[in-house]
Amino acid sequence: MESKDETVFGKDETSHCRRDFFKKSAMLSGIALSGFSSKLFAEPLSLQYPDEHVEILDESFSKYRLFNASVERLATGMRWAEGPVWSGDGRYLLVSDIANNCIMRWDEITNQFNVYRHQSNYSNGLCRDLEGRLIVCEGSTTETEGRRVTRTEHNGTIKVLADNFQGKRFNSPNDVVVKRDASIWFTDPPFQAGSMYEGHIVQTELPDAVYRIDGKTGELTQVINNLAGPNGLCFSPDESVLYVVECLSQPRKVWAYDVMPDGTLGRRKAIIADIPHAAFDGIKCDQDGNLWCGWGSDGSKGQHPDELNGVMVFNKDGKPIGHIKLPEYCANICFGGTKGNRLFMASSHSIYALYVNTRGATFV
């Protein structure tokens, strides 16, 4: 089943996206706006070098911190920013604004920030496949579609890659990654299935799980079904290890699975498991195998969000080596920019960025 990709504002007066409302209000006021695009400029959180928001926890992190690079806020105004993905050919960043049911677009060239897709089925995780096509985890349902993984073709049509397993609907597809063999891996926790804010309350039919879509045949397999709330996931630089965040365990854990040549998973170990205040969310690997993790308070009593929010960096042994401090909870991250060395951080209401002295493991 295919449907047309909505990349511009529709005429639906019941839009779930605040920017649609703002655009119409501005037009009524005689203010000329183009698709509610607003030209912004990077706003550094500090004017000091080195930036005090980049904290070295272990000396091994020193080589990744650039002395004269600041944490910058690029855009704000969202309700719950998630799933950022960089588009190198277009030099823009896409990010899901889940509660507003849209995908936002920040342009590196023009500094414009506007709506890319209106009514995105409460999209969450985003990535691009080997042909540069957008892969979307649609976490909930706008009308009759959603709770599925889709691919946006080059002509703009949307192709459904998976919307059920053995006849049962997914819970709420969350995060997604593409392997070099073109296989697509995604997590399916229950988070959005129990929220009217991030979608709709529905009765789940499947266990929390991680799935793999074969890159050649399109066959869907369930590769993990014994984690409580699988969330962020990524591969090691050589793709021999799959990292998966378990969100509903106490404390949260990051599991490392051996990846077999046939796409199955072998032995696992909890690479990070002993941090009581950990609030892991989205994760990415850099070219040296370090894990860069969306981080913040999980809301537990006695925590201090201002001390936790941001991005925590762990080495391949699970040791914390760096902390990028942000004023907001950071849900997910990605590497981008022309050299792959710009860290983009989707953080509650805003997008932040920081140039670092490494690049993402998937940079080519």
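Residues numbered from 1 in each chain as written. Predicted model: local features only at pLDDT ≥ 70, side-chain atom pairs only at ≥ 80, totals over all residues. Heavy atoms only, no water.

## Thoughts on the confidence of the model for the chain
Parts of the prediction with low pLDDT should not have their coordinates interpreted in detail. The predicted model of the chain averages 89 in pLDDT, with 89% of residues at 70 or higher. Here residues 1–16 is modelled with pLDDT under 50, and outside its nearest four sequence neighbours on either side it reaches 45 contacts, counting other chains as well. Note that pLDDT drops below 50 for residues 18–37; the model gives that stretch 34 contacts with residues more than four away or on any other chain. (pLDDT = per-residue confidence, 0-100. Contact = heavy atoms within 4.5 Å.)

## Things to note about the pairing of strand β28 (residues 342–355)
Most of β28 is tucked away: 12 of the 14 residues are buried. As defined by bridge partners, strand β5 (residues 72–87) adjoins β28 across 5 bridges and the pair is classed as antiparallel. In the sheet register, Glu72 faces β28, and the bridge partner there is Ala353. Where strand β27 (residues 332–336) lies against β28, 5 bridges are found, and the strand directions are antiparallel. Bridge pairing links Cys334 to Phe344 in β28. Where β27 hands over to β28, the hairpin turn is made up of 5 residues, of which Gly337 adopts a positive phi near 85 degrees. (Buried < 20%, exposed > 50% of the residue type's maximum accessible area, 1.4 Å probe, protein only. Helix = DSSP H or I, 4+ residues; strand = E, 2+ residues; numbered from the N terminus. Pairing = 2+ DSSP bridges.)

## Some thoughts on the pattern of salt bridges
Under the defined criterion, the tally for this structure stands at 20 salt bridges. Of the charged contacts in the structure, one is a salt bridge between Asp129 and Arg133, with a shortest N-O distance of 2.8 Å. Arg133 carries the same exposure label as Asp129, and that label is buried. The salt bridge partner of Glu239 is Lys179, with a shortest N-O separation of 3.9 Å. In this pair, Glu239 is assigned in the loop between β19 (230–235) and β20 (241–246) and Lys179 in the loop between β15 (176–178) and β16 (184–188), connecting sequence segments 60 residues apart. Accessibility expressed as a relative area gives 12% for Glu239, which makes it buried. One network of salt bridges, with partners in common, ties together Lys179, Arg180, Asp181, Arg212, Asp214 and Glu239. (Salt bridge = Lys/Arg side-chain N within 4 Å of Asp/Glu carboxyl O.)

## Some points on the side chain of Ser123
Within the secondary structure, Ser123 sits in strand β9 (residues 123–128). At a separation of 3.2 Å, a polar atom in the side chain of Ser123 contacts the side chain of Ser120. In contact with Ser123, not counting residues within four places along its chain, are Ser96, Ile98, Cys102, Ile103, Val136, Cys137, Glu138 and Gly139. (Polar contact = N/O pair within 3.5 Å; in protein donor to acceptor, adjacent residues only side chain to side chain.)

## Focus on the packing of aromatic side chains
Counted by the stated rule, this structure contains 15 aromatic pairs. Between the aromatic rings of Trp86 and Phe344, the centroid separation amounts to 5.3 Å while the plane-to-plane angle is 10 degrees, which identifies the pairing as stacked. In this pair, Trp86 is assigned in strand β5 and Phe344 in strand β28, connecting sequence segments 258 residues apart. Across the pair, Phe344 and Trp86 agree in class, each one buried. With a centroid separation of 4.8 Å and 85 degrees between ring planes, the pair formed by Phe280 and Trp295 is classed as edge-to-face. Of this pair, Phe280 sits in the loop between β22 (265–272) and β23 (283–285) while Trp295 sits in strand β24 (residues 291–295), and the two are 15 residues apart along the sequence. Each member of the aromatic cluster is reached from another via a ring pair, and the members are Phe61, Tyr64, Trp292 and Phe335. Taking NZ or CZ as reference, Arg105 lies 4.1 Å from the ring centre of Tyr92, over its face. For Arg268, the ring lying beneath its charged end belongs to Trp255, and the centroid distance is 3.7 Å. (Phe/Tyr/Trp six-rings, centres within 6.5 Å; stacked < 30°, edge-to-face > 60°. Lys NZ or Arg CZ within 6 Å of the ring centre and 35° of its normal.)

## A closer look at the environment of Cys127
Within the element layout of this structure, Cys127 appears in strand β9. Between the C-alpha atom of Cys127 and that of Ser87, which follows or precedes it by 40 residues, the distance is 9.2 Å. The residues contacting Cys127, other than those within four sequence positions of it, are Val85, Arg133, Leu134, Ile135, Val176, Val177 and Val178.

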